[in-house]
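Residues per chain are reported as follows:
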Amino acid sequence: MSFPVLRSSEVRVSPNPLAPAWLDEPTDANALDPTVWSATSYRSADGELVLGGVAASELVASYGTPLYVLDEDDVRVRALEAVRSFDREAARVGTRATVYYAAKAFLSAEVARWVAEAGMAVDICTGGEFAVARAAGVDPARMGFHGNNKSLAEIDRTVEAGIGTVVLDNADEAGRVAAAAERHGRVQRVRLRVNSGVHASTHEYLATAREDQKFGVPLSETPDVVRSIRQHASLEFVGLHSHIGSQIFGSDGFAEAARRLLAVHADLLASGPVPELNLGGGFGIAYTSADDARPLDELAVALVDIVATECARLEIDVPLLAVEPGRVVVGPAGTTLYEVGTIKDVTVSTDGGGSAVRRYVSVDGGMSDNARTALYAADYSVRLAGRASSTPPALVRVAGKHCESGDLVVLADYLPGDVAPGDLLAVPATGAYCHSLASNYNHVGRPPVVAVRDGRARVIVRGESEADLLARDAGLD
Ligand SMILES: Cc1ncc(COP(=O)(O)O)c(C=O)c1O
């Protein structure tokens, strides 16, 4: 497909009718909103973006682009805050909390160590995630194993290693885990994932507790499944688990899920112990200035209040609590750096018969390093990383280099109007579900991940080279 191209001088940069309603034109398109950018980011006196004390140009000179940059202190502080908030709130109502890090958000040995050192347990959902967390030194007893289709080999290996809890997705799995536990002479602690039917207010494909979806057991079937679990001498049923979706801002969805789960939990107490309740993850973060993400601390207060109030109403003890945040721990700490290759101004028809110009700024990565925009139409922000500019802002769309028209990184934001090929761009809040969802589409190697802290940078996940890609091709042996 070819697009009409306008020269920059012909472009009406603002106001642009193609801007989404939530996006305000910034007075300063260099500003770094602290709710969106990682904790240590700032602009140096000469206008350059600095992350963890390291200038963007320095990072790019050493490691190239695209580059994932993870602010180590930010991850560590967020992990500590998650543990402390839930510990404090649980203690307030006379119970204890286990805070799992949802490894699917981002997993590497270093990150597994950071979160474990902060006191988090680790939630894994494949044998691969188990292998990385274990190799990093995380005690299997401090891990929970999720997944709607765990293989027999995965079950056997994790049970043999002494995994803390297996979250059963369905009745069939109970038999499989029981057999593995018997083989290894263990009594395996298990939770049951239930589908609370609560619709989290987020993108449809992320709302995992709808009726028509693959995860968990409907609440109505839960008593029967728990009965069958309790019949296995090699299983210890510890409680219900629910995860209602992702990128959730308020506590209403969690409140409704907790109420529904606790009603069943109370009934189950009549036929045996139910020591725990796990409310999953899904706490939202700010990807743009329009996102009003509440601090995790506030959500901890709200969630624990809801559970305590409901337990009082049902006249049952407050159970041990568990939650599984991923995104909120690692997401805001990540920034992706790209280099601009081409810039194209495209005339687009607007409602009412007019037209406007959308500026496509293409970078040297895209859906291979950040699939979320293509998958969910996720919104992101973008800023110049190598310099600041006082040129009035222009609405831009940041596109990748892949052969898909949906290969977009930032659907809409403003950059200084003089953005040019060779400029470095930074996309914040890319710490979660970017590296973990990365692909080799178009035989593009996955970028390295660099941790920054106190003015120093170090590679924590190596990038893939062309040699790595060729090495997998058995036709070249
Ligand atoms: C069962 C379960 N727990 C926790 C999470 C983590 O969610 P988030 O990273 O949004 O906190 C997920 C994400 O999909 C999940 O499926």
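Below, the structure is looked at part by part.

Procedures and definitions
Residues numbered from 1 in each chain as written. Predicted model: local features only at pLDDT ≥ 70, side-chain atom pairs only at ≥ 80, totals over all residues. Heavy atoms only, no water. Helix = DSSP H or I, 4+ residues; strand = E, 2+ residues; numbered from the N terminus. Rg over C-alpha atoms; globule rule 2.2 N^0.38 Å. Buried < 20%, exposed > 50% of the residue type's maximum accessible area, 1.4 Å probe, protein only. Pairing = 2+ DSSP bridges. Expected span 1.5 Å × (residues − 1). Arc of directions from axis to C-beta. Near = heavy atom within 4 Å. Polar contact = N/O pair within 3.5 Å; in protein donor to acceptor, adjacent residues only side chain to side chain. Areas by Shrake-Rupley, 256 points an atom, 1.4 Å probe, with all protein chains shown as cover. Nonpolar A, V, L, I, M, F, W, Y, C, P; charged D, E, K, R; others polar. Contact = heavy atoms within 4.5 Å. Core = buried A, V, L, I, M, F, W, Y, C linked by side-chain atoms within 4.5 Å.

Another point: the overall build of the protein. Counting its regular elements, the protein contains twelve helices and 21 strands. Expected size for 477 residues packed as a compact globule is a radius of gyration near 23 Å; at 24 Å, the protein falls within 12% of this value. A principal-axis box enclosing the C-alpha atoms of the protein has dimensions of 75 × 55 × 45 Å. Relative to its full complement of 477 residues, the protein shows a buried share of 54%.

With respect to burial, strand E17 (residues 393–399) is a largely interior element, seven of its seven residues being buried. Alternating residues of E17 divide into Pro393, Leu395, Arg397 and Ala399 and Ala394, Val396 and Val398, and every residue in both groups is buried. The sheet contact formed by strand E15 (residues 355–363) and E17 spans four bridges and is parallel. Paired with Val361 across the strands is Val398, a residue of E17. As defined by bridge partners, E17 adjoins strand E18 (residues 408–416) across six bridges and the pair is classed as antiparallel. Paired with Val396 across the strands is Asp413, a residue of E18.

On to helix H6 (residues 171–183). Look at H6: 19 Å from first C-alpha to last across 13 residues, which is about the 18 Å you get at 1.5 Å a residue. Along H6, the residues that are buried comprise Glu173, Ala174, Val177, Ala178, Ala180 and Ala181. In a view along the axis of H6, the buried residues occupy a sector of 165°, so they form one face of it. Opposite the packed face of H6, turned more than 90 degrees from it, sit the exposed residues Asp172, Glu182 and Arg183.

Let us now look at the site of the ligand. Around the ligand, 16 residues are found, and the nearest of them are Gly282, Glu324, Gly326, Arg327 and Tyr433. In the environment of the ligand, an oxygen atom lies 3.4 Å from a nitrogen or oxygen atom belonging to the side chain of Lys104. At 3.0 Å from an oxygen atom of the ligand is found a main-chain nitrogen or oxygen belonging to Gly326. Surface burial for the ligand is 92%, taken as the share of its 400 Å² of free accessible area covered by protein chains. Among the residues making up the shell around the ligand, the classes are represented as four nonpolar, seven polar and five charged.

Strand order in the open sheet made by the three strands is E1-E2-E3, with antiparallel pairing throughout. Across the chains shown, the open sheet's two edge strands, defined by having one partner strand only, are strand E1 (42–43) and strand E3 (54–55). Where E1 and strand E2 (residues 49–51) come together, two bridges link them in antiparallel fashion. Bridging from a neighbouring strand, Tyr42 pairs with Val50 of E2.

On to helix H7 (residues 222–230), then. Restricting attention to buried positions, one finds in H7 the residues Thr222, Val225, Val226 and Ile229. All buried residues of H7 project into a common sector of 100° when viewed along the axis, lining one side. Residues of H7 that are buried sit in contact with strand E8 (165–168), H6, strand E9 (188–195), strand E10 (217–218), strand E11 (235–241) and helix H8 (252–268).

Before going further, it helps to examine the nonpolar core. Grouped together as the largest cluster of nonpolar side chains are 109 residues, with contacts concentrated most on Leu70, Tyr101, Leu192, Leu240 and Leu425. With nine residues, the single largest contributor to this core is H8. Those residues in contact with Leu240, other than ones at most four positions away along the chain, are Leu192, Val194, Thr222, Val226, Leu261, Val264, His265, Leu268, Glu276, Leu277 and Asn278. Residues Trp37, Leu59, Ala385 and Val450 belong to the second largest nonpolar core, which totals 18 residues.

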